[in-house]
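# Breakdown of the fold
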Amino acid sequence: MKGVAISIVFLLAGFIASAQSNNQSQSTSLKPNLPTKVYAPKTSKKKKAKKGPTYDARDKFYDRMEENNKQRRKSEKAKLTPQYSDFQYFGHRKPPKKRPPEKMKYCKICGIRH
């Protein structure tokens, strides 16, 4: 009789274990059965090296040269104005006044008496 009782206990234990494993595989709204992901660090993809030269530096150089040429032309055009081309201005914006010798003043800009 003990042998029958022991075999019944083993059968019940096996039945309970299979019932629990069936409950875990079923999903409910409270415990959804989602597949488990294996989280491993992703390998970074190396960017492909561009073949051939880049022309950014050359384009920037040409842009700078154009800006410099514009500046030179502008300064040459300004030098044609009487302030720079006429010797009477002595570096002043307006020509200095002509005073009689007894009323002449020392000029701080050009260092001459006017």
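Each chain has its residues counted from 1, following the order in which its sequence is written. Where totals are concerned, whole chains, interfaces and linings use all residues; where local detail is concerned, this predicted model gives features only for residues with pLDDT of at least 70, and gives and counts side-chain atom pairs only at 80 or more. For side-chain calculations, the full set of non-hydrogen atoms in the structure is used, while hydrogens and water are omitted.

By definition, any uninterrupted DSSP run of H or I lasting at least four residues is a helix, any uninterrupted run of E lasting at least two residues is a strand, and each is numbered from the N terminus. When helices and strands are counted, the protein chain shows 3 helices and 0 strands. Ordered by position from the N terminus, the helices and strands of the protein chain form the series α-α-α. Out of the 114 residues belonging to the protein chain, those deemed buried represent 4%. For the protein chain, the proportion of contacts with a sequence separation of at least 24, taken over those separated by at least 6, is 3%. Here the Shrake-Rupley method, with its probe set to 1.4 Å, supplies the accessible areas, and only the displayed protein chains count as covering residues. Carbon and sulfur atoms form 58% of the exposed surface of the protein chain, whose accessible area is close to 12,100 Å². Each residue gets one of three labels from its accessible area relative to the maximum for its type: buried under 20%, exposed over 50%, partly exposed in between, using a 1.4 Å probe on protein chains only. Pairs of residues are marked as contacts when any of their non-hydrogen atoms sit within 4.5 Å.

On to the side chain of His114, then. As for its position among the elements, His114 is in the segment after α3 (82-85). For His114, a relative accessible area of 11% corresponds to the buried category. In this structure the side chain of His114 is engaged in a polar contact, spanning 3.5 Å, whose partner is the side chain of His92. Filtering out sequence-adjacent residues up to four positions away, His114 remains in contact with Phe90, His92, Pro96, Lys97, Arg99, Met104, Lys105 and Cys107. Polar contact is defined as a pair of N or O atoms within 3.5 Å, subject to the rule that within protein one atom must be able to donate a hydrogen and the other to accept it, and that residues adjacent in sequence are counted only when both atoms are side-chain atoms.

We now examine a nonpolar patch on the surface. Put simply, a patch holds well-exposed residues, over 30% relative accessible area, that have no salt bridge, with like charges counted together within 9 Å and Val, Leu, Ile, Met, Phe, Trp or Tyr side chains within 5 Å. Basic side-chain nitrogens of Lys or Arg form a salt bridge, by our definition, when they fall within 4 Å of a carboxyl oxygen of Asp or Glu. There is a patch of nonpolar side chains on the surface, built from Phe61, Tyr62 and Met65 and spanning about 290 Å² of accessible area. Its location among the elements puts Tyr62 in helix α2 (residues 56-79). Classification of Tyr62 by relative accessible area gives partly exposed; the value is 46%.

Following the sequence through the fold, Tyr89 ends up in the segment after α3. For Tyr89, a relative accessible area of 14% corresponds to the buried category. Residues Tyr89 and Cys110 lie 21 residues apart in sequence; the distance between their C-alpha atoms is 9.8 Å. Excluding residues within four positions of it along the chain, Tyr89 makes contact with Pro82, Gln83, Lys94, Pro95 and Pro96.

The pLDDT score gives, residue by residue, the confidence of the prediction method on a 0 to 100 scale. On average, residues of the protein chain score 78 in pLDDT, and 75% of them reach the 70 mark or higher. Ranking the helices and strands of the protein chain by mean pLDDT puts α2 first, with 94, and helix α1 (residues 2-25) last, with 59.

Together, Asp56, Asp59, Asp63, Glu66 and Glu67 give the surface a local cluster of negative charge. The residue Glu66 is located in helix α2 in this model. For Glu66, a relative accessible area of 48% corresponds to the partly exposed category. Counted as positive: Lys and Arg. Counted as negative: Asp and Glu. His and the chain ends are not counted at all. A charged residue contributes its charge at one atom only: NZ of Lys, CZ of Arg, CG of Asp or CD of Glu.

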